[in-house]
Amino acid sequence: MPPPAAPEPYPDPAPSYPAPGGGAAPGFPQAPASAQPEHLASAPRPPAPGQPAAQGPYAPPPPGPTPQTAPGPGTASGPPAAPVPQAPQETPGPHAGAAPHAPPVPQAAHATPLPHGAPGPQASHGGAQGPPAASGLPRTLQYRFDGPEDAPVLVIGPSLGTTWHMWDRQVPELSQHWRVFRYDLPGHGGAPAHAAASVADLADRLLATLDGLGVQRFGYAGCSIGGAVGADLALRHPHRVASLALVASSPRFGTADEFRRRGVIVRTNGLEPMARTAPEHWFTPGFAAAQPAIVEWAVQMVRTTDPGCYIAACEALAAFDIRGALGRIGVPTLVLVGAEDQVTGPAEARTLVAGIPDARLALVPGASHLAPVEQPAAVSDLLLTHFSTAWQQDTSAAIPVLPHAPGPAASAAPFAPVAEIAPPAAPDAAAPTSDDRYEQGTRVRREVLGDSHVDAVNAASDAFTEDFQELVTRYAWGEVWSRDGLDRRTRSCITLTALVASGHLEGLAAHTRAALRNGLTPAEIKEVLLQTAVYCGLPAAGAAFAVVGKVIQEETTPPA
């Protein structure tokens, strides 16, 4: 990769804006210039001629009410909720949840100030959680627009535990060229808490929202789980996506066990453990120490998230795995990652680049997982360069090409092209066979018992026991555990009772972990054991309490 462009110093800190009617504007205090990193992957791009120096959620609100876009077909009627004090240009939709929207990203030192009263791009968002679909679940997401109504649409998606405000620092520049569409995950940022079962479910809800607004083809950039949504769209609906940017994303996020254990911790302890550890996962240590206001903003975003929706998103990430399908992503793709990201870092980024035929890598120095917050100018410049180039190459007439803003980008080389890799063979679409029960059983067994348990069992298997393990996988997990007659919570209750009654305590620890993953709380498991004490005997239940109590302590204790 070529070295980064020559660094430029940050401008002086932007002054505080006076609030309309006098007094200080709401928000976090400005960060000192010395606290900012001194080098970026590329220099900030100046505004286009004739355009204001900065626009968007950081500008003072224009006088009078903020115009609203017409609601899509799925938007229900009703009085709007009260506007959020931290983002005066937003008007929450009629179905905004009770939880307050997380505050916008605090201003960094290199923000370009606007004169008082200067107009920013018009923004609007609808609750967009329209009338339920036939299944009773909502089909749309909470969203907002920024930028000209006649510009091509650029959709940007958030990370788990964040809101659309994580992209605040990119909107002023991106909205000069595109109509920027941001959305919140279910239960995030005050959005209605209707949990999504999978990444594909999130992608379907996003498409339903865009369909209701008449948006057919668009560019897409997403961070972490937002990137997973974009990859899913590019695989299942390639005609809708003109160009793709995957930020701090991965074809598989860690291990399924890690995310399911995170769900167990949240179910038992609430979101406080996740909020407390978010800064160390999202930011570099130096940035976190120098920017306490931004750290507190990040913590509050997590705290205001609905726990059930957070757990469902963890389950969705646990099941997400597109490693074998990367070769079928056929749109120009930018893979952008912070050089110090410890969650989905450069190794995962290179896996994406190696597997996607038309992909380029952008490594942002001095950034961790939330690179758009930590290095906003670099990320803005990289996204602007990528989408401008990609849409000029796009042959679809549905996407008009806007003139590119003049600037020093020609001399910058923020990323280098990667040689094309032959895509893997598309998965066979053969009719189901008897082996499907074994494959189904393997998947369900891993989801319920965890990868580490199944891997240990497989490693201990030999020529004498392998047939038995195949029988267990095919019959117990591929047939009985896969039936629709009972949910997994109920099956876990029955299994725990049966193990206690039969005295088979050697399997009780594994199935206690499974019960926690399947949604049982420690209090509910205790009730199951009390019930077994009545019908299976006090000695059996006493021994079970000793085993189960140890497992619950291990599984539900948040990381230090």
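Our subject is the structure listed above.
In what follows, the accompanying structure is described.

Scoring rules and cut-offs
Residues numbered from 1 in each chain as written. Predicted model: local features only at pLDDT ≥ 70, side-chain atom pairs only at ≥ 80, totals over all residues. Heavy atoms only, no water. Helix = DSSP H or I, 4+ residues; strand = E, 2+ residues; numbered from the N terminus. Buried < 20%, exposed > 50% of the residue type's maximum accessible area, 1.4 Å probe, protein only. Contact = heavy atoms within 4.5 Å. Areas by Shrake-Rupley, 256 points an atom, 1.4 Å probe, with all protein chains shown as cover. Phe/Tyr/Trp six-rings, centres within 6.5 Å; stacked < 30°, edge-to-face > 60°. Lys NZ or Arg CZ within 6 Å of the ring centre and 35° of its normal. Pairing = 2+ DSSP bridges. Salt bridge = Lys/Arg side-chain N within 4 Å of Asp/Glu carboxyl O. Patch = residues over 30% accessible without salt bridge, like charges linked within 9 Å, V, L, I, M, F, W, Y side chains within 5 Å. Expected span 1.5 Å × (residues − 1). Polar contact = N/O pair within 3.5 Å; in protein donor to acceptor, adjacent residues only side chain to side chain. Core = buried A, V, L, I, M, F, W, Y, C linked by side-chain atoms within 4.5 Å. Axes fitted to C-alpha atoms, helices over the stretch in contact; angles between N-to-C directions. Parallel < 35°, antiparallel > 145°, perpendicular 65-115°, else oblique. Nonpolar A, V, L, I, M, F, W, Y, C, P; charged D, E, K, R; others polar. Arc of directions from axis to C-beta.

### Digging into the overall build of the protein chain
Counting secondary structure elements, the protein chain contains 18 helices and nine strands. When each of the 560 residues of the protein chain is scored for burial, the buried share is 53%. For the protein chain, the proportion of contacts with a sequence separation of at least 24, taken over those separated by at least 6, is 79%. For the protein chain, the exposed surface amounts to about 23,400 Å²; the carbon and sulfur share of it is 59%.

### Here we look at the packing of aromatic side chains
Across all of its chains, the model carries seven aromatic pairs by this definition. Their ring planes at 45° and their centres at 5.3 Å tell us that F283 and F287 sit as a pair that is tilted. The buried category is assigned to F283, whose relative accessible area is 2%. For F287, a relative accessible area of 5% corresponds to the buried category. Ring centres 4.8 Å apart and planes at 25° place the aromatic pair W477 and W481 in the stacked group. Across the pair, exposure class does not vary: W477 and W481 are buried alike. Note that R179 overlies the ring of F145, its terminal NZ or CZ placed 4.2 Å from the centroid.

### Structural notes on the pairing of strand β5 (residues 218-223)
The buried fraction of β5 amounts to six of the six residues, a majority that puts the element mostly inside the structure. Across the two faces of β5 the burial is the same, with F218, Y220 and G222 and G219, A221 and C223 all buried. Across four bridges, strand β3 (residues 153-157) lies against β5 in parallel orientation. Each bridged residue has a counterpart across the sheet, and for V155 the counterpart in β5 is Y220. Relative to strand β6 (residues 241-247), β5 runs parallel, the two being bridged by six bridges. Each bridged residue has a counterpart across the sheet, and for F218 the counterpart in β6 is V241.

### A look at the environment of P285
Relative to the helices and strands, P285 is located in helix α6 (residues 285-290). Spatially, the C-alpha atom of P285 lies 9.3 Å from that of S368, the residues being 83 residues apart in sequence.

### Description of the environment of W297
Within the secondary structure, W297 is located in helix α7 (residues 292-303). A residue is classified by how much of its surface remains accessible, and W297, at 0% relative accessible area, is buried. For W297 and P279, which are 18 residues apart along the polypeptide, the C-alpha to C-alpha distance reads 9.7 Å.

### Focus: the pattern of salt bridges
Taken as a whole and assessed by the stated rule, the structure comprises 22 salt bridges. When the shortest N-O distance is used, the salt bridge between E272 and R303 registers 3.0 Å. On the criterion of sequence distance, the pair formed by E272 in helix α5 (residues 272-282) and R303 in helix α7 is long-range, its members being 31 residues apart. The closest approach of N and O atoms between R513 and E554, which form a salt bridge, is 3.0 Å. With R513 in helix α16 (residues 508-517) and E554 in helix α18 (residues 538-556), this pair connects stretches of sequence that are 41 residues apart.

### Examining a nonpolar patch on the surface
Taken together, the side chains of F468, L471, Y475 and V480 define a hydrophobic patch exposed on the protein surface, amounting to about 410 Å² of accessible area. For F468, the position within the fold is in helix α14 (residues 466-480). The exposed category is assigned to F468, whose relative accessible area is 51%.

### Observations regarding unusual backbone geometry
Backbone geometry places S224, a non-glycine residue, at a positive phi of 60°. Looking at where S224 falls in the secondary structure, it is placed in the loop between β5 and α3 (225-236). The phi angle at A248 is positive, at roughly 50°, despite the residue not being glycine. Looking at where A248 falls in the secondary structure, it is placed in the loop between β6 and α4 (256-269). The class of A248 is buried, set by a relative accessible area of 1%.

### Here we look at helix α8 (residues 307-319)
Between its terminal C-alpha atoms α8 stretches 19 Å, which fits the 18 Å expected from 13 residues at 1.5 Å a residue. Listed as buried for α8 are C309, Y310, I311, A312, A313, C314, A316, L317 and A318. Taken together, the buried residues of α8 touch α2 (199-212), α3, α4 and α5. Measuring from the backbone nitrogen of G308 back to the side-chain oxygen at the start of α8 gives 3.1 Å, which picks out D306 as the cap.

### Some thoughts on the nonpolar core
By size, the foremost hydrophobic cluster in this structure holds 95 residues, and its most contacted members are Y183, L206 and F218. Ignoring any residue separated from it by four or fewer positions in sequence, one finds Y183 in contact with L141, Q142, Y143, V155, I156, G157, P158, W164, L206, Y220, G226 and V229. Ranked by size, the runner-up nonpolar core spans 14 residues in total, among them V500, L508, A515 and I552.

### Some remarks on the packing of helix α12 (residues 435-449) against α14
Packing of α12 against α14 brings their axes to within 7 Å, and their N-to-C directions diverge by 80°. The pairing of α12 with α14 is recorded here as roughly perpendicular in orientation. Between α12, through D435, R437, Y438, Q440, G441, T442, V444, R445, V448 and L449, and α14, the contact on the second element is made entirely by Q469, E470, V472, T473, R474, W477, G478 and E479. Its residues assigned to classes, the contact of α12 with α14 shows six nonpolar, six polar and six charged.

### Observations concerning helix α13 (residues 451-460)
By the burial criterion, the buried members of α13 are D451, V454 and V457. All buried residues of α13 fall inside an arc of 135° around its axis, so they share one side. Along α13, exposed side chains directed more than 90 degrees from the buried face belong to S452, A459 and A460. On its buried face, α13 sits against α4, α12 and α14.

### Some thoughts on the pairing of strand β4 (residues 179-183)
Burial of β4 is extensive: five of the five residues sit out of reach of the surface. Sheet analysis places strand β2 (residues 143-146) next to β4, joined by four bridges and oriented antiparallel. Across the sheet, the residue bridging to R144 is R182, located in β4. Of the pairings in the sheet, the one linking β3 to β4 comprises four bridges and is parallel in character. Paired with L154 across the two strands is V180, which belongs to β4.

Functional significance is not addressed by these values, which are geometric in nature.
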